[in-house]
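Next come the chains, spelled out residue by residue.
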Amino acid sequence: MSDASRTTAVSRAPAEGKAGRLETGWRAALLTCVAAALLVLPPAAEALDEAFLIGLFTRIFIFALAAVSLDLILGFGGMVSFGHSAYFGAGAYVVGILSFHAAGGEAPAWPFSLPWMESAVAAWPLAVAAAALLALLVGAVSLRTSGMYFIMITLAFAQMLYYFFVSLEVYGGDDGLSIAGKNNLPGLDLENEASFYYLCLLILVVFLLIGRRLVHSRFGMVLQGCKENEQRMLALGFPVYRYKLAAFVMAGAVAGLAGALMANYMGFVSPGLMHWTVSGEIMVMVILGGMGTLAGPVIGAFVLLLLEEILSAYMEHWMIVLGPVMVLVVLFARRGIWGWFQRGDPDG
Amino acid sequence: MAEALLTARRLTKAYGALKATDSLSLDVIHGEIHAVIGPNGAGKTTAIKQLSGEVASDQGTIHLGGRDITRQPMHERARLGLARSFQITSVFGGFTAEDNVAMAVQAHDGHSFRFWRRARSEAALREPARRTLEQVGLGGRGGVIARNLAHGEQRQLEIAMALATDPSLLLLDEPMAGMGPDEANRMVALLGGLKGRVAILLVEHDMDAVFALADRVTVLVSGREVATGSPDAIRADPVVRQAYLGEDA
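Draft legend 1. Layout of the interface of chain A and chain B. Facing 31 residues of chain A, the contacting portion of chain B comprises 42 residues. Taking both partners together, chain A and chain B bury about 3,400 Å²; carbon and sulfur atoms supply 60% of that area. The salt bridge partner of R218 of chain A is D109 of chain B, with a shortest N-O separation of 2.9 Å. On the surface where chain A and chain B come into contact, there are 17 residue pairs in polar contact (both at pLDDT 80 or more). Mapped onto the side of chain A that touches chain B, the elements with two or more residues apiece are helix 1 (2-12), helix 7 (193-216), helix 8 (218-228), helix 9 (230-236) and helix 10 (240-266) of chain A. No other element matches the seven residues that helix 8 of chain A contributes to the side of chain A that touches chain B. Along the lines of polarity and charge, the residues of the side of chain A that touches chain B split into 16 nonpolar, eight polar and seven charged.

Structure follows, in structure tokens:
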């Protein structure tokens, strides 16, 4: 690895000229093709009588959003949070619980009796806020540790939340909650599969564009500096804890939004969304696609969920194929699929 | 004696039964280079860690510019003007040299809760970074990934990062460790050029460098100060010669 990065670093740094432009052109072409394909997918899928594809890709977008949010702290900030499903699940449960009360599942108390609970305009920001608050509490404690302890404590918090919802009989306990219908959004019918597909795609793209600004901003540089050398950051005078906590909360908030979308997509929420295997799955997407890049987690979500879709049609234990694929990626493409394509360019 | 910039009084740090620093008192004068020498295990690095805030002192007080910083965490002390280099080179290996220094400039330039503007295009960060690289002799090397720099260059980069935070005092822990003679000479010239502009507390094993640079020398043995004085006085001090220099000189 060091040899490869040496040559690219030296050759790239002084002359960003020709090679850089070529690569940009290649990237732009690829991006255009992917965007075009994704835009025509819903009508095409319906025409070809393969409407399930719309749902599959909606799910991919939602998981990609969660994976990118995890990568913000994992890949850019070096914080190996193994409890990302907690924020994902929390966002989903906010939508589920509001809709449960709106449908009159329980004699609603004051704040729950208002008609706004079915509205995405209210429910989704609430989901984001709840997930952010949860991340603030978990992060404030967890970020006082590092390394293996950090991994374990974030996992422990997520599992606590999982068991909390398993035992919360009011909201279905282990069985979860059914959601009567999708949230209302003025001007858009979310019950329409294609509309929901486009909305999820739009949210993902917007977040990727914001993320692009973010990781190259001063804040983003601090985050990357913490990953590179935290001791150095402290010696330079950065109050590292504050910046890491802010990033942790942002990642949690976006995972909460992904959770709210997931609840709408499934029409159902259950503690299973918070299970540690979901955290693991999101992390696999990040590592598979490429940590520390924005495109990587999106590619990881595509590859993992498509592999799952295709392989599970042929065999029950499709993980048996995924395992070796992961091993190969980790061995031969340390920076994931996207990193392998880019060969050493740190700017994803 | 001129007014002291940094005053440490009776600093003590014990690891179990071992006293790494034992009631150490030290004054660093404005603009001076103050060297701390002593045999291996004398507690020089521990003293630097206590002064920078990486290690909390068991006893004693530290004042910087008249202000009590004994209880301040490391990043607060850095903000107040204490910059530090590490015994083992500590840079952002995956960043370019210029990114490294720009990060140091950024540390000194207000808070970093700025989420939108591209930091690498900000002249306010890049211009001072380039100037500082120039100053330490890394002018043409800004685009190189830090871990691909030669060892001596990485140490120069560390000095650049320390300088870029616009400090009043540099704490340098063996800046010449592992350097060849040419690199060491360049570093001596660089540090000599800083004399008068910024105070330096220099921990160093290279005696030629110490006696070429220092205005004042403190000798530590087993965590205890055995002598402080001008380089000539230290060289002539019989206690020092016996305790320390006797083996070398």
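Draft legend 2. Representation of the packing of helix 7 of chain A against helix 8 of chain A. Residue and element names in this part refer to chain A. Viewed as axis vectors pointing N to C, helix 7 and helix 8 meet at an angle of 70 degrees, and their least axial separation amounts to 4 Å. Taken together, the axes of helix 7 and helix 8 are roughly perpendicular relative to one another. Where helix 7 abuts helix 8, its residues L214, V215 and H216 lie against R218, F219, G220, M221 and Q224. Tallied by class, the residues present in the contact of helix 7 with helix 8 amount to four nonpolar, three polar and one charged.

Draft legend 3. Region of interest: the packing of aromatic side chains. All names here are of chain A. One pass over the structure, following the stated rule, counts 19 aromatic pairs over all chains. Consider the rings of F164 and F165, whose centres lie 5.3 Å apart with planes at 80 degrees: the pair is edge-to-face. With a relative accessible area of 10%, F165 lands in the buried category. With 5.3 Å between their ring centres and 85 degrees between their planes, Y197 and Y198 make a pair best called edge-to-face. With a relative accessible area of 30%, Y198 lands in the partly exposed category.

Draft legend 4. Up close: the layout of surface pockets. Residue and element names in this part refer to chain A. Here the second largest pocket is characterised by a volume of approximately 310 Å³. As for the second largest pocket, its lining consists of 14 residues, of which A90, V94, A130, L134 and F165 are closest to the centre. Element by element, the count of residues in the lining of the second largest pocket is highest for helix 5 (residues 120-142), at six residues. A breakdown of the residues in the lining of the second largest pocket according to their chemical character gives 14 nonpolar, no polar and no charged.

Draft legend 5. Representation of the pairing of strand 2 (residues 18-29) of chain B in the model. All names here are of chain B. Here strand 1 (residues 4-15) pairs with strand 2 via eight bridges, running antiparallel. The residue bridging L6 from the neighbouring strand is V28, located in strand 2. Between the antiparallel neighbours strand 1 and strand 2 lie two residues, among them G16 with a positive phi of about 65 degrees.

Draft legend 6. Examining the sheet that holds strand 4 (residues 59-64) of chain B more closely. Residues and elements named next belong to chain B. One open sheet accounts for four strands, arranged 2-1-4-5; its pairing is antiparallel. Of all the strands in the sheet, just strand 2 and strand 5 (67-68) have a single pairing partner and so form its edges. Along the sheet, helix 1 (residues 44-52) contacts strand 1, strand 2 and strand 4; its crossing angle with strand 1, the most-contacted strand, is approximately 120 degrees.

Draft legend 7. Looking closely at helix 10 of chain A. Residue and element names in this part refer to chain A. Compared with an ideal rise of 1.5 Å per residue, which puts 27 residues at 39 Å, helix 10 spans 39 Å between its outermost C-alpha atoms and is within 8% of the ideal. Of all 27 residues that make up helix 10, 22 are buried, and the element is covered over most of its length. The first or second residue beyond helix 10 is G267, which carries a positive phi of 65 degrees.

Draft legend 8. Spotlight on the confidence of the model for chain A. Residue and element names in this part refer to chain A. Mean pLDDT for chain A: 88, with 89% of residues reaching 70 or above. Contacts for the low-pLDDT stretch residues 1-19, under 50 throughout, to residues beyond four places or in other chains number 14 contacts. Here residues 344-348 is a poorly scored stretch, pLDDT under 50, and it has 18 contacts once near neighbours within four places are set aside; other chains count.

The rules we used
Residues numbered from 1 in each chain as written. Chains lettered and ligands numbered in written order. Predicted model: local features only at pLDDT ≥ 70, side-chain atom pairs only at ≥ 80, totals over all residues. Heavy atoms only, no water. Contact = heavy atoms within 4.5 Å. Buried area = accessible area lost by both parts, 1.4 Å probe. Salt bridge = Lys/Arg side-chain N within 4 Å of Asp/Glu carboxyl O. Polar contact = N/O pair within 3.5 Å; in protein donor to acceptor, adjacent residues only side chain to side chain. Helix = DSSP H or I, 4+ residues; strand = E, 2+ residues; numbered from the N terminus. Nonpolar A, V, L, I, M, F, W, Y, C, P; charged D, E, K, R; others polar. Axes fitted to C-alpha atoms, helices over the stretch in contact; angles between N-to-C directions. Parallel < 35°, antiparallel > 145°, perpendicular 65-115°, else oblique. Phe/Tyr/Trp six-rings, centres within 6.5 Å; stacked < 30°, edge-to-face > 60°. Buried < 20%, exposed > 50% of the residue type's maximum accessible area, 1.4 Å probe, protein only. 1 Å grid on protein atoms, 1.4 Å probe; cavity = no way out; pocket = protein on both sides within 12 Å on 5 of 7 lines; lining within 4 Å. Points joined across faces, edges and corners; volume = space filled by probe spheres on them. Pairing = 2+ DSSP bridges. Expected span 1.5 Å × (residues − 1). pLDDT = per-residue confidence, 0-100.

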